[in-house]
Amino acid sequence: AQRVTQPEKLLSVFKGAPVELKCNYSYSGSPELFWYVQYSRQRLQLLLRHISRESIKGFTADLNKGETSFHLKKPFAQEEDSAMYYCAPNVYGNNRLAFGKGNQVVVIP
Amino acid sequence: SQTIHQWPATLVQPVGSPLSLECTVEGTSNPNLYWYRQAAGRGLQLLFYSVGIGQISSEVPQNLSASRPQDRQFILSSKKLLLSDSGFYLCAWSERLDRGNTEAFFGQGTRLTVV
């Protein structure tokens, strides 16, 4: 079955510590992977996409096709990174857009 | 530019009452439209999606239904609400995903409390 897994629901890290959010997918073909973020009292929005290979707000994510993973990383967490993060795959030819269960990140000052 | 409107922002309804949440998109045509429910511990659950007028794909059999009477209008409904229908409902749109590399844009959400 097609599915994306985000194993840790809640992640608490101290400010300045590294943060890594894990995302594993099981989709046939070559999905495009996205990370979305929802800050408190804001709309859910795109954070970054793997095809862009860019760093957004210090976050990066590498698509590892061998491990079918798309982990989100930031070397030094900031308080403003406290938010809910969702991993989402898009499969070419498929209009269904499903998300992982999400990770709640709390950055402790 | 494109915008998405979702209303109402909050809603308190008694058990057994009907429900109608509306979502409209401006500035684009033939968008994909989505309804999600966001619940603590359950993440973002896809409920329905639509690729065109009158075309609805249902993800989870439950007490809800969706309709798309116009190209940029997506409605989430229920004939009789259950307590378990309480939650935060999100509408989203995107360009056609089957062309690849397309992000989704979300509405502000509706907090539904069934009492």
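Here the structure is shown first, and the text comes after it.
Residues numbered from 1 in each chain as written. Chains lettered and ligands numbered in written order. Predicted model: local features only at pLDDT ≥ 70, side-chain atom pairs only at ≥ 80, totals over all residues. Heavy atoms only, no water.

A. Local environment of the overall build of chain A. Within chain A, the secondary structure is distributed over zero helices and ten strands. Moving toward the C terminus, one meets the helices and strands of chain A in the order β-β-β-β-β-β-β-β-β-β. A compact globule built from 109 residues should have a C-alpha radius of gyration of about 13 Å, and chain A, at 13 Å, falls within 12% of that. In chain A, the share of contacts with a sequence separation of at least 24, taken over all contacts with a separation of at least 6, comes to 58%. (Helix = DSSP H or I, 4+ residues; strand = E, 2+ residues; numbered from the N terminus. Rg over C-alpha atoms; globule rule 2.2 N^0.38 Å. Contact = heavy atoms within 4.5 Å.)

B. Broad picture of the overall build of chain B. When helices and strands are tallied, chain B shows zero helices and eleven strands. Counted from the first residue to the last, chain B has its helices and strands arranged as β-β-β-β-β-β-β-β-β-β-β. The C-alpha atoms of chain B give a radius of gyration of 14 Å, which matches the 13 Å a tight globule of 115 residues would have. Its C-alpha atoms put chain B at 40 × 30 × 25 Å along the principal axes. When burial is assessed residue by residue, chain B has 50% of its 115 residues classed as buried. Pairs at least 24 apart in sequence give 55% of the contacts found in chain B among residues at least 6 apart. When the accessible surface of chain B is split by element, carbon and sulfur atoms take 51% of a total near 5100 Å². (Buried < 20%, exposed > 50% of the residue type's maximum accessible area, 1.4 Å probe, protein only. Areas by Shrake-Rupley, 256 points an atom, 1.4 Å probe, with all protein chains shown as cover.)

C. Structural view of the pairing of strand E1 (residues 3-7) of chain B. Residues and elements named next belong to chain B. Here E1 shows a clear split, with Ile4 and Gln6 buried on one side and none of Thr3, His5 and Trp7 buried on the other. Relative to strand E3 (residues 19-26), E1 is paired through five bridges, and the arrangement is antiparallel. What sits directly across from Ile4, in E3, is Val25. (Pairing = 2+ DSSP bridges.)

D. Focus on the sheet that holds strand E9 (residues 83-90) of chain A. Residues and elements named next belong to chain A. Strand order in this open sheet of five strands is E2-E10-E9-E5-E6, and the pairing throughout is mixed. Sheet topology places strand E2 (10-14) and strand E6 (45-49) at the edges, where each strand pairs with a single neighbour. For this sheet, the mean angle separating the axes of adjacent strands, direction not counted, is 30°. Note: strand E5 (residues 32-38) against E6, four bridges, orientation antiparallel. Following the sheet pairing, Phe34 is matched in E6 by Arg49. (Axes fitted to C-alpha atoms, helices over the stretch in contact; angles between N-to-C directions.)

E. Spotlight on the environment of Pro18 of chain B. All names here are of chain B. Among the secondary structure elements, Pro18 is positioned in the loop between strand E2 (10-13) and E3. A residue is classified by how much of its surface remains accessible, and Pro18, at 53% relative accessible area, is exposed. The spacing of Pro18 and Leu82 is 64 residues in sequence and 9.8 Å in space, taken between C-alpha atoms. Setting aside anything within four residues of it in sequence, one finds Pro18 in contact with Gln13, Ser78, Lys79 and Leu81.

F. Seen up close, the side chain of Asn95 of chain A. By secondary structure assignment, the location of Asn95 of chain A is in the loop between E9 and strand E10 (103-108). Looking at Asn95 of chain A, the relative accessible area reads 8%, which means it is buried. Of the polar contacts made by the side chain of Asn95 of chain A, one reaches the side chain of Asn32 of chain B; its length is 2.7 Å. (Polar contact = N/O pair within 3.5 Å; in protein donor to acceptor, adjacent residues only side chain to side chain.)

G. Geometry of the pattern of salt bridges. All names here are of chain A. The final tally for this structure, using the stated rule, is six salt bridges over all chains. When the shortest N-O distance is used, the salt bridge between Glu79 and Lys15 registers 4.0 Å. With Glu79 in the loop between strand E8 (69-74) and E9 and Lys15 in the loop between E2 and strand E3 (19-21), this residue pair connects regions lying 64 residues apart in the sequence. In this structure Lys15 comes out as partly exposed when scored by relative accessible area, which is 47%. Salt-bridge contacts for Asp81 lead to Lys74; the nearest nitrogen and oxygen are separated by 2.8 Å. The class for Lys74 is buried, based on a relative accessible area of 10%. (Salt bridge = Lys/Arg side-chain N within 4 Å of Asp/Glu carboxyl O.)

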